Amino acid sequence: MNKEIKNSELELEILRNIEENPKTTQRQLAKELGLSLGKTNYLIHALLVKGLVIVNNFRKSDNKLGYLYTLTPEGIDERAKLTILFLKRKSEEYNKLKKEMENMEINE
């Protein structure tokens, strides 16, 4: 899988996670996605620069500063586009594997 596809799938997962839990932390995202904290920070920063996510500060009950991530309308659109591309790639992979299996059965 090339780097661009991998990053788009990771961005999709981050957008999904943020939409489901805006109070998620980068540490939680990193753990859930199996990424380093640095890679997670890099991807979130890229989403911020693209204008797909905005971040607001909020205070937790223990007075630590926290962040609230929100998808922008553009972020919602991008999540939908990335989902469609992901499903298209997976469908193509499925069809390719199915054809390989059919060819294996013919050759046996």
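Our subject is the structure that appears above.
Residues numbered from 1 in each chain as written. Predicted model: local features only at pLDDT ≥ 70, side-chain atom pairs only at ≥ 80, totals over all residues. Heavy atoms only, no water.

This part takes up the nonpolar core. As a rule of thumb, soluble globular proteins bury nonpolar side chains together. Formed by 16 residues in total, the largest nonpolar core has its most connected members in Ile14, Leu15, Ile18, Leu47 and Val53. Secondary structure elements with two or more residues in this core: helix H1 (3-20), helix H2 (26-33), helix H3 (37-49) and strand S2 (65-71). Considering each element in turn, this core owes the most residues, five residues, to H1. (Core = buried A, V, L, I, M, F, W, Y, C linked by side-chain atoms within 4.5 Å. Buried < 20%, exposed > 50% of the residue type's maximum accessible area, 1.4 Å probe, protein only. Helix = DSSP H or I, 4+ residues; strand = E, 2+ residues; numbered from the N terminus.)

By the definition in use, this model includes zero aromatic pairs. If you follow Arg16 out to its NZ or CZ, it ends over the ring of Phe86, 5.9 Å from the centre. (Phe/Tyr/Trp six-rings, centres within 6.5 Å; stacked < 30°, edge-to-face > 60°. Lys NZ or Arg CZ within 6 Å of the ring centre and 35° of its normal.)

Look at H1 against H3: their axes get within 10 Å of each other, and the N-to-C directions meet at 80 degrees. Comparing the axis directions of H1 and H3 gives the class roughly perpendicular. Listed contacts from H3 to Asn7, Leu10, Glu11, Ile14 and Leu15 of H1 are Lys39, Leu43, Ile44, Ala46 and Leu47. Partitioning the contact of H1 with H3 into residue classes produces seven nonpolar, one polar and two charged. (Axes fitted to C-alpha atoms, helices over the stretch in contact; angles between N-to-C directions. Parallel < 35°, antiparallel > 145°, perpendicular 65-115°, else oblique. Contact = heavy atoms within 4.5 Å. Nonpolar A, V, L, I, M, F, W, Y, C, P; charged D, E, K, R; others polar.)

Okay, the packing of H1 against helix H4 (residues 73-107) next. Across the interface, H1 lies against H4 with an axial gap of 9 Å and an inter-helix angle of 130 degrees. The angle between H1 and H4 places the two elements in the oblique class. Once H1 is placed against H4, the crossing between them reads as left-handed. In this structure, H1 contributes Ile5, Ser8, Glu9, Glu11, Leu12, Leu15, Arg16 and Glu19 to the contact, and H4 contributes Gly75, Ile76, Arg79, Leu82, Thr83, Phe86, Arg89 and Lys90. Each residue belonging to the contact of H1 with H4 can be placed in one class, and the counts come to six nonpolar, three polar and seven charged. (Left-handed = near helix turned anticlockwise from the far one by under 90°.)

Moving on, we come to the pattern of salt bridges. Taken as a whole and judged by the stated rule, the model has five salt bridges. In this structure, Glu9 engages Arg89 in a salt bridge whose closest nitrogen and oxygen atoms are separated by 3.2 Å. With a gap of 80 residues between them, Glu9 in helix H1 and Arg89 in helix H4 connect regions that are remote in the sequence. The class of Glu9 is buried, set by a relative accessible area of 15%. Measuring nitrogen to oxygen at the nearest pair gives 3.1 Å for the salt bridge that ties Lys50 to Glu11. Of this pair, Lys50 sits in the loop between H3 and strand S1 (53-59) while Glu11 is found in helix H1, placing the two residues 39 residues apart along the sequence. (Salt bridge = Lys/Arg side-chain N within 4 Å of Asp/Glu carboxyl O.)

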